[in-house]
Amino acid sequence: MVEAVLIDLFSLPANLQNSIQGLLCNTLETVEKCSSIPAPFVYVMCCQRQRGERNGEHESLLPALRNFQSLKKRLEVVCALTTAAALYTIKQRLDEKDLSIIKVILPTLRKGLMKVYIEHLFTPVYKFEFEDLQVISDCKSLQIAEPQSEEQALSTRDMALIQHEIQMYLESLPSLKGELTILRSSLIPDGIFLHGFTTRTGGISYIPTLSSCNLFSSSKRRDPQVVVKENLRRLAKAAGFNPETFHRVKIDHANAVCIMGKTEPDSYDGIVTNQKGVTIAAPGADCIPVLFADPVRKACGAAHSGWKGTLLGVSMATVNAMVSEYGCNMKDILVVLGPSVGPCCYKLPQELARDFHRIDPKCVRLFDSASPYIDIRRATRILLESGGILPENIQDDSVTDQNQNITFCTACHPDKFYSHFRDGTNFGTQIGFISIKD
C-alpha cells in the first residue's frame, strides 16, 4: 500500500505556471479517489524561483489545496531552490513518519532525472513507483498513466551535475548535536601518527538513531552514502586527513586482514599499512574499533572486533600482519581499544559465553545465567598479551587515570556514541582511524 505520494511540479515550463492550480487539482483528485484509508501523505514539490519568495508559490497553491478535505494535514507543499534541497526536505518528512513506500507522479521527461536523485538520496529501505504526469499544450486536461516507454539515459555530464548539486546542498547544511568531537589516545605518539575515535556529534545525519555523525551506510538503514560521505568530509577536515585516501575495513565479523598495496580481499576486519598519508579505519557501534601503531617501523593498523572477531583473534591477526609485512617487533606495537559496549551492558547466550569463559573466567559475569554479561575488551587484552604485546602498550578501560580513558561504553552514553545493542536495527556507526603523517 502506498504510504506517500510525491507530486513533482518542480520544473514545469514557464508557460504552464499559470495553470499549476489546475494541474494540482486534477492530480490530487486522482490521488484522493484511488486512496485507501488512511489516505497517503502527499508532498507537492515546487521550485522556489528567487530567494526571499519562499511563500509565493505556496500561497498561490492554497486555493487548490483547500478543496481536498480528506487529505487535510496530510498534504504539504515543499518549495526549494534546487531539486536536491526539495527532495531531501521531503525525505526528512518521510523519515519523521517512518514511511517507505512512495509513489512519484511527475512529467515523463523528468523521470530519468528523478531516479538519479532518488538513487543518491535514498537507500533500498525505500520503495518507489512512478506514474507519468502528462500535460498537453493548453493545459486543460491532465492524465496519470503508466509509462509506455523507458526514459532516455542521462548523459555523463548530467549525472555529474546532479552529484555536484547534491554535494553542494549537503555541504551547506548545519552540523547537528554540537561540534564534531574526536577522542585521541596519549599512548599513540602524535608526532608520527594522526589518529582518533569519532563520536556521534557534528555531522548532518538527522534520523534520531543515526544522528548526527553517522559514518556507515547500508541497504538496511535510512542514511544514504552521500550523507555518510559528507560526514566523512567534515571529519577529515577537522582531523586533518585526505578523504580521498581513506580506507575502511569491509566487515565480515571474522579475522581476515587487508595489506594496503596488495590485492584487496572481498571482506576483511583488519587492515594495515606503512604508506604515509593513507588513512585506515575500522567502524564500531558496540564492536571494538582497535588501532595499532608501531612508531619504530612506522606502520599502523585498524581492526573491527565484535564478539565473533574477538574469539577468532582478529586483533592478533592484525598484529601478525604488521610483523610479517613490515618487520615490526611485537614489543614496539601500541594498541588502543576504542569506544565499545562494556561488560556493564553486553550480554550473550550462555553457549557463547562459555567461549569467553575459556579465555578467562573474569571475562564473564553471572556465568550460570541464561545470558551472562561479557567483557570482550578483557578478552581482547588477554589474547594480545598472550600473543606478545606488552601489557603497558595496551590502552583500554583499565587505565588508572580516568581522564585518559577513551574506551567508553557505547550503550551507556547515548549522547556521545551509537549502539546497536541499545538502538536496534537502524543504528549509527562511529569509527577509529589512523594514518602515518607525511
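- As named in an unreviewed UniProt entry, the protein chain is Purine nucleoside phosphorylase LACC1, taken from Aegotheles bennettii.
- The heading Sequence similarities (unreviewed entry) in the UniProt record of the protein chain holds the text "Belongs to the purine nucleoside phosphorylase YfiH/LACC1 family."
- Comment text from UniProt for the protein chain, heading Subunit (unreviewed entry), reads "Interacts with FASN. Interacts with SDHA. Interacts with ATF6, EIF2AK3 and ERN1."

1. Examining the overall build of the protein chain
- Of the regular secondary structure elements, the protein chain holds eleven helices and 19 strands.
- Sorting the 438 residues of the protein chain into buried and exposed places 52% on the buried side.
- Entry remark: accessible area of the protein chain is about 19,800 Å², with carbon and sulfur atoms responsible for 50%.

2. Observations regarding the sheet that holds strand β11 (residues 270–273)
- Overall, mixed pairing links the six strands, which are arranged β10-β11-β14-β13-β15-β18 in an open sheet. Every other strand in the sheet has two partners, leaving β10 (257–259) and β18 (394–395) as the edge strands with one partner each.
- Where strand β13 (residues 288–294) and strand β14 (residues 299–305) come together, seven bridges link them in antiparallel fashion. By the bridge assignment for β14, Leu291 is matched with Ala302.
- Against the sheet, helix α8 (residues 314–326) contacts β10, β11, β13 and β14, and its axis sits at roughly 160 degrees relative to β14.

3. Let's talk about the pattern of salt bridges
- The final tally for this structure, using the stated rule, is 19 salt bridges.
- Between Arg110 and Asp8 there is a salt bridge, with its nearest N and O atoms 2.5 Å apart. Here Arg110 is found in the loop between β4 (101–107) and α4 (111–121), whereas its partner Asp8 is found in strand β1 (residues 4–8), with 102 residues between them in sequence. Each member of the pair, Arg110 as well as Asp8, is classed as buried.
- When the shortest N-O distance is used, the salt bridge between Glu230 and Arg233 registers 2.8 Å. Separated by three residues within a single helix, Glu230 and Arg233 lie in helix α6 (residues 225–239), roughly one turn from each other.
- In this structure Arg233 comes out as partly exposed when scored by relative accessible area, which is 28%.
- Among the charged side chains, a network of salt bridges with common partners joins Lys91, Asp95, Asp98 and Arg222.

4. Comments concerning α4
- Buried residues dominate α4, accounting for eight of its eleven residues.
- Among the residues making up α4, those that are buried are Lys111, Gly112, Met114, Val116, Tyr117, Ile118, His120 and Leu121.

5. Considering the packing of aromatic side chains
- In this structure the tally under the stated criterion is eight aromatic pairs.
- In textbook terms, an aromatic cluster arises when at least three aromatic residues are bridged by ring pairs, as seen for Tyr88, Tyr169 and Tyr206.
- Positioned over the ring face of Phe41 is Lys97, at 5.1 Å from the centre of the ring.
- Stacked on the ring of Phe408, the Lys or Arg Lys416 has its end atom at 5.0 Å from the ring centre.

6. Some points on the nonpolar core
- Grouped together as the largest cluster of nonpolar side chains are 39 residues, with contacts concentrated most on Leu87 and Leu170.
- Listed by contribution, the elements that provide at least two residues to this core are β1, β2 (41–47), β3 (75–80), α3 (83–96), β4, α4, α5 (156–172) and α6.
- Here this core spans two domains, since at least three of its residues come from each of domain 1 (4–135 + 161–172) and domain 2 (182–436).
- One finds Cys328, Cys345, Ala353 and Val364 within the second-largest nonpolar core, a separate group that totals 35 residues.

7. Examining the environment of Phe130
- Its location among the elements puts Phe130 in strand β5 (residues 127–135).
- Along the chain, Phe130 and Ile102 lie 28 residues apart, while their C-alpha atoms are 8.7 Å from each other.

8. Structural notes on α3
- Here α3 contains 14 residues, and its C-alpha end-to-end distance of 20 Å stays within 8% of the 20 Å for a straight helix at 1.5 Å per residue.
- Across the 14 residues of α3, eleven count as buried, placing the element largely inside the fold.
- Taken together, the buried positions of α3 are Thr83, Ala84, Ala85, Ala86, Leu87, Tyr88, Thr89, Ile90, Lys91, Leu94 and Asp95.
- Trailing α3 by a residue or two, Asp98 shows a phi angle of about 60 degrees, which is positive.

9. Let's talk about the side chain of Thr410
- Within the secondary structure layout, Thr410 lies in the loop between β18 and α11 (420–423).
- Look at Thr410 and you get buried, because its relative accessible area is 0%.

10. Points about the packing of α8 against helix α10 (residues 376–387)
- One can describe the packing of α8 onto α10 by two numbers: an axis separation of 9 Å at closest approach and a directional angle of 35 degrees. Two packed elements cross with a definite hand, and for α8 against α10 that hand is right-handed. Contacts from Ser315, Met316 and Val319 of α8 reach α10 at Thr380, Leu383, Leu384 and Gly387.
- Within the contact of α8 with α10, the residues separate by chemical class into four nonpolar, three polar and no charged.

11. Section: the environment of Ser186
- Topologically, Ser186 is positioned in the loop between β7 (182–183) and β8 (193–198).
- By relative accessible area, which is 57% here, Ser186 ends up exposed.
- The spacing of Ser186 and Asn405 is 219 residues in sequence and 9.6 Å in space, taken between C-alpha atoms.
- Not counting chain neighbours up to four residues away, the residues in contact with Ser186 comprise Gln395 and Gln404.
- Among the polar contacts listed, one links the side chain of Ser186 to the side chain of Gln404, at a separation of 2.9 Å.

Criteria and thresholds
Residues numbered from 1 in each chain as written. Predicted model: local features only at pLDDT ≥ 70, side-chain atom pairs only at ≥ 80, totals over all residues. Heavy atoms only, no water. UniProt positions renumbered as here; feature names shortened; annotations may be inferred. Helix = DSSP H or I, 4+ residues; strand = E, 2+ residues; numbered from the N terminus. Buried < 20%, exposed > 50% of the residue type's maximum accessible area, 1.4 Å probe, protein only. Areas by Shrake-Rupley, 256 points an atom, 1.4 Å probe, with all protein chains shown as cover. Pairing = 2+ DSSP bridges. Contact = heavy atoms within 4.5 Å. Axes fitted to C-alpha atoms, helices over the stretch in contact; angles between N-to-C directions. Salt bridge = Lys/Arg side-chain N within 4 Å of Asp/Glu carboxyl O. Phe/Tyr/Trp six-rings, centres within 6.5 Å; stacked < 30°, edge-to-face > 60°. Lys NZ or Arg CZ within 6 Å of the ring centre and 35° of its normal. Core = buried A, V, L, I, M, F, W, Y, C linked by side-chain atoms within 4.5 Å. Domains from an automatic or database assignment. Expected span 1.5 Å × (residues − 1). Left-handed = near helix turned anticlockwise from the far one by under 90°. Nonpolar A, V, L, I, M, F, W, Y, C, P; charged D, E, K, R; others polar. Polar contact = N/O pair within 3.5 Å; in protein donor to acceptor, adjacent residues only side chain to side chain.

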